[in-house]
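The primary structure of each chain is shown beneath.
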Amino acid sequence: MLSQVPAGPAPLQEPDVRGRFGDFGGRFVPETLVQALQELAEAYAKLRDDASFWQELAALMSSYSGRPTPLYRAQRLQQKVDGPELWLKREDLNHTGSHKINNCLGQALLARRLGKTTILAETGAGQHGVATATVCALLDMKCRVYMGAEDVRRQALNVSRMRLLGAEVVPVESGSRTLKDATNEALRAWVGQVDEAHYILGSVVGPHPYPWMVRDFQSVIGHEIAEQLWPRRVIACVGGGSNAAGAFARFVPHPEVKLVGVEAGGHGFATGQHCASLGRGKPGVLHGSLTYLLQDDFGQVSDTHSISAGLDYPGVGPEHSSWATSGRVEYHSVSDEEALDAFELLCRCEGIVPALESSHALAWYAREGPKHKQDGPWVLCLSGRGDKDVQEVLRLRGLA
Ligand SMILES: *Cc1c(COP(=O)(O)O)cnc(C)c1O
């Protein structure tokens, strides 16, 4: 069994000098941000080769966040579904309840080495905001989190958690008052204080070097999996795509390992209410990156819907766009209803309450597993725990 957190990024593909993964990614930002992003990319490129940085990160991941996370064989779920051998990568057991802290610890240590004193972040459901506020308390940094006013109302518990941890939460009133507006506002705020502040983006999205950096910090997931068990297939849910990129990247150079990303199918493609950026989107620019994007014929970003706030984003990381077009990773979607059923199934079979985001990956296993019974072992990234979703599930099931 694995006793130590692997130090350093796995030997992974690097973006080209323009920050592109194949045809996607890059840096489409106002001129005022170009220099800050260039400095960040250069600083990160240096740190990437600095063993002491990765040792410092590995030590925190192990003593503070609880890594390595276990790989658990879900035998009762497998029997119930009548599918292939299934193992759950327990990212839900991380401190603060999801994989988000992997990225926050990495970026906060980076910010400290750059001499920054203030951290800015955006958040949708509040999971990334809580993880950011947590590492800021740990490292004694000032923390300001931008959050759509609508999300501030819907996610009151996480707002209180962030404030308890010492963060300032700024409600954003523009646009649809949700995640994409909070991201715009955080980028704008960063322009005003690039000297003292670092912006911690929460997924493998945004301008170069974020998709690269965040993927590297999350790749500890796949690195650990590879040492725990060599899978025939890895499955993960895809919002912006950070837990999936972290789980997949280690296996991308090994074509015998199949990789499946599961997007939020919401109420179904016919209704237009979903978040399947790769399933139904077209290339476009969002938050500084060229990637698959849900948009109308004029290029206006579409309104999206998912039962899980963490998947409710109209874009996707550029590296996923590149994996999708090359065919290295398959992307599928499941509906809100399928995710809800899978949520309840895991609770009952295994005594684990999954996040609604992770329930999308579980739902794909439940639907497709029976067609591949002899194909195991499969590993599924259980990206987070579902305590935050209990009230919403009870409401949707008419039990609250
Ligand atoms: C935020 C979140 C996601 C979606 O983000 P990715 O960047 O796609 O990983 C998935 N699961 C959980 C538990 C989350 O908190």
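Residues numbered from 1 in each chain as written. Predicted model: local features only at pLDDT ≥ 70, side-chain atom pairs only at ≥ 80, totals over all residues. Heavy atoms only, no water.

K.L.:
Just give me the short version of the overall build of the protein, but keep the residues and values in it.
P.N.:
The helix and strand tally for the protein stands at 16 helices and 14 strands. Taking 21 Å as the expected radius of gyration for a compact globule of 400 residues, we find that the protein reaches 19 Å, a close match to that expectation. Along the first, second and third principal axes, the C-alpha set of the protein runs to 55 × 45 × 40 Å. Out of the 400 residues in the protein, the part that is buried amounts to 61%. Here the contacts in the protein between residues at least 6 apart in sequence split such that 74% fall between residues at least 24 apart. Taken together, the 40 basic and 46 acidic charged side chains of the protein have centroids lying 3 Å from each other. (Helix = DSSP H or I, 4+ residues; strand = E, 2+ residues; numbered from the N terminus. Rg over C-alpha atoms; globule rule 2.2 N^0.38 Å. Buried < 20%, exposed > 50% of the residue type's maximum accessible area, 1.4 Å probe, protein only. Contact = heavy atoms within 4.5 Å. Lys, Arg positive; Asp, Glu negative; His and termini not counted. Charge placed at Lys NZ, Arg CZ, Asp CG, Glu CD.)

K.L.:
Lay out empty space enclosed by the protein in plain terms, naming residues and giving numbers.
P.N.:
Left-over empty space is what a probe sized like a water molecule reveals as it rolls over the atoms. One pass over the full model with this rule turns up three cavities of 30 Å³ or more. Of the pockets and cavities examined, the largest cavity occupies roughly 480 Å³. Lys 100, Gly 202, Ser 203, Gly 240 and Gly 310 are, among the 37 residues lining the largest cavity, the residues nearest its centre. Listed by contribution, the elements that provide at least two residues to the lining of the largest cavity are β5 (118-123), α5 (127-139), α8 (179-192), α11 (242-248) and α15 (356-368). (1 Å grid on protein atoms, 1.4 Å probe; cavity = no way out; pocket = protein on both sides within 12 Å on 5 of 7 lines; lining within 4 Å. Points joined across faces, edges and corners; volume = space filled by probe spheres on them.)

K.L.:
Before we move on, could you go through a negative patch on the surface and cite the residues and values that matter?
P.N.:
A cluster of like negative charges, contributed by Glu 39, Glu 42, Asp 195 and Glu 196, occupies part of the molecular surface. Residue placement: Glu 196 occurs in the loop between α8 and β8 (197-200). With a relative accessible area of 33%, Glu 196 lands in the partly exposed category. (Patch = residues over 30% accessible without salt bridge, like charges linked within 9 Å, V, L, I, M, F, W, Y side chains within 5 Å. Areas by Shrake-Rupley, 256 points an atom, 1.4 Å probe, with all protein chains shown as cover. Salt bridge = Lys/Arg side-chain N within 4 Å of Asp/Glu carboxyl O.)

K.L.:
Outline the sheet that holds strand β4 (residues 86-90), listing residues and values.
P.N.:
Ordered by their spatial adjacency, six strands build an open sheet running β3-β4-β14-β9-β10-β13, and the pairing between neighbours is mixed. Only two strands of the sheet have a single neighbouring strand rather than two, namely β3 (71-73) and β13 (330-334). Adjacent strand axes in the sheet meet at a mean angle of 25 degrees when their direction is disregarded. Sitting on the sheet, α15 is in contact with β4, β9 (233-237), β10 (258-264), β13 and β14 (378-382), with an inclination near 135 degrees to β9. (Pairing = 2+ DSSP bridges. Axes fitted to C-alpha atoms, helices over the stretch in contact; angles between N-to-C directions.)

K.L.:
Can you lay out the environment of Arg 163 for me, pointing to particular residues and giving the numbers?
P.N.:
Considering the arrangement of structural elements, one finds Arg 163 in helix α7 (residues 156-164). As a C-alpha pair, Arg 163 and Leu 340 span 177 residues in sequence and 30 Å in three-dimensional space.

K.L.:
Give a description of the layout of surface pockets that names residues and reports values.
P.N.:
One number sums up the size of the largest pocket: a volume of about 1100 Å³. Along its surface, the largest pocket is lined by 44 residues, and Arg 154, Gln 155, Ile 307, Ser 308 and Ala 309 are the ones closest to its centre. Those elements that provide at least two residues to the lining of the largest pocket are α6 (149-154), α7, α8, α14 (336-350), α15 and α16 (390-396). In the lining of the largest pocket, the residues fall into 11 nonpolar, 16 polar and 17 charged. Domain assignment of the residues forming the lining of the largest pocket places at least three in each of domain 1 (21-63 + 100-214) and domain 2 (67-97 + 219-396). The volume enclosed by the second largest pocket comes to roughly 230 Å³. In terms of lining residues, the second largest pocket is bounded by 13 residues, among which Gln 35, Ala 36, Glu 39, Lys 116 and Val 194 are the most central. (Nonpolar A, V, L, I, M, F, W, Y, C, P; charged D, E, K, R; others polar. Domains from an automatic or database assignment.)

K.L.:
Report on the site of the ligand, specifying residues and quantitative values.
P.N.:
Within the structure, the ligand sits among 17 residues, and Lys 100, Ser 203, Gly 241, Ser 242 and Ser 383 are positioned closest to it. Measuring from an oxygen atom of the ligand, one finds a side-chain N or O atom of His 99 at 3.0 Å. For the ligand, whose accessible area on its own is 390 Å², the fraction buried by protein is 96%. Here the ligand is seated within the largest cavity. Taken together, the residues that form the shell around the ligand break down as three nonpolar, 12 polar and two charged. Built from parts of two domains, the shell around the ligand gets at least three residues from each of domain 1 (21-63 + 100-214) and domain 2 (67-97 + 219-396). (Near = heavy atom within 4 Å. Polar contact = N/O pair within 3.5 Å; in protein donor to acceptor, adjacent residues only side chain to side chain. Sits in = over half its atoms within 2 Å of the grid points.)

K.L.:
Give me the pattern of salt bridges: which residues, what numbers.
P.N.:
Side chains bearing opposite charge may pair, as long as their charged atoms lie close to each other. One pass over the full model with this rule turns up 31 salt bridges. Among the ionic pairs, Arg 144 bridges to Glu 168, the shortest N-O distance being 3.4 Å. With a gap of 24 residues between them, Arg 144 in strand β6 (residues 142-148) and Glu 168 in strand β7 (residues 168-172) connect regions that are remote in the sequence. On the basis of relative accessibility, which here comes to 45%, the residue Glu 168 falls in the partly exposed class. With a shortest N-O distance of 3.7 Å, Arg 232 and Asp 375 are connected by a salt bridge. Of this pair, Arg 232 sits in the loop between α10 (220-228) and β9 while Asp 375 sits in the loop between α15 and β14; the two residues are 143 residues apart in sequence, bridging distant segments of the chain. Connected through shared salt-bridge partners, Glu 14, Arg 48, Arg 215, Asp 216 and Glu 319 make up one network.

K.L.:
Before we move on, can you summarise the domain arrangement of the protein with the specific residues and values?
P.N.:
The assigned domain composition of the protein is domain 1 (21-63 + 100-214) and domain 2 (67-97 + 219-396). The straight-line distance from the C-alpha centre of domain 1 to that of domain 2 is 22 Å. The interface formed by domain 1 and domain 2 includes zero salt bridges. Between domain 1 and domain 2 we count nine residue pairs in polar contact (both at pLDDT 80 or more) in total. At the level of secondary structure, the elements contributing two or more residues to the side of domain 1 that touches domain 2 comprise β2 (24-25), α2 (51-63), α4 (100-113), α5, α8 and α9 (210-218). Looking at the side of domain 1 that touches domain 2 residue by residue, the class counts come to 15 nonpolar, 13 polar and four charged.

K.L.:
Which residues make up α9, and what are the values?
P.N.:
A large share of α9 lies buried, amounting to nine of its nine residues. Every buried residue of α9 is listed here: Tyr 210, Pro 211, Trp 212, Met 213, Val 214, Arg 215, Asp 216, Phe 217 and Gln 218.

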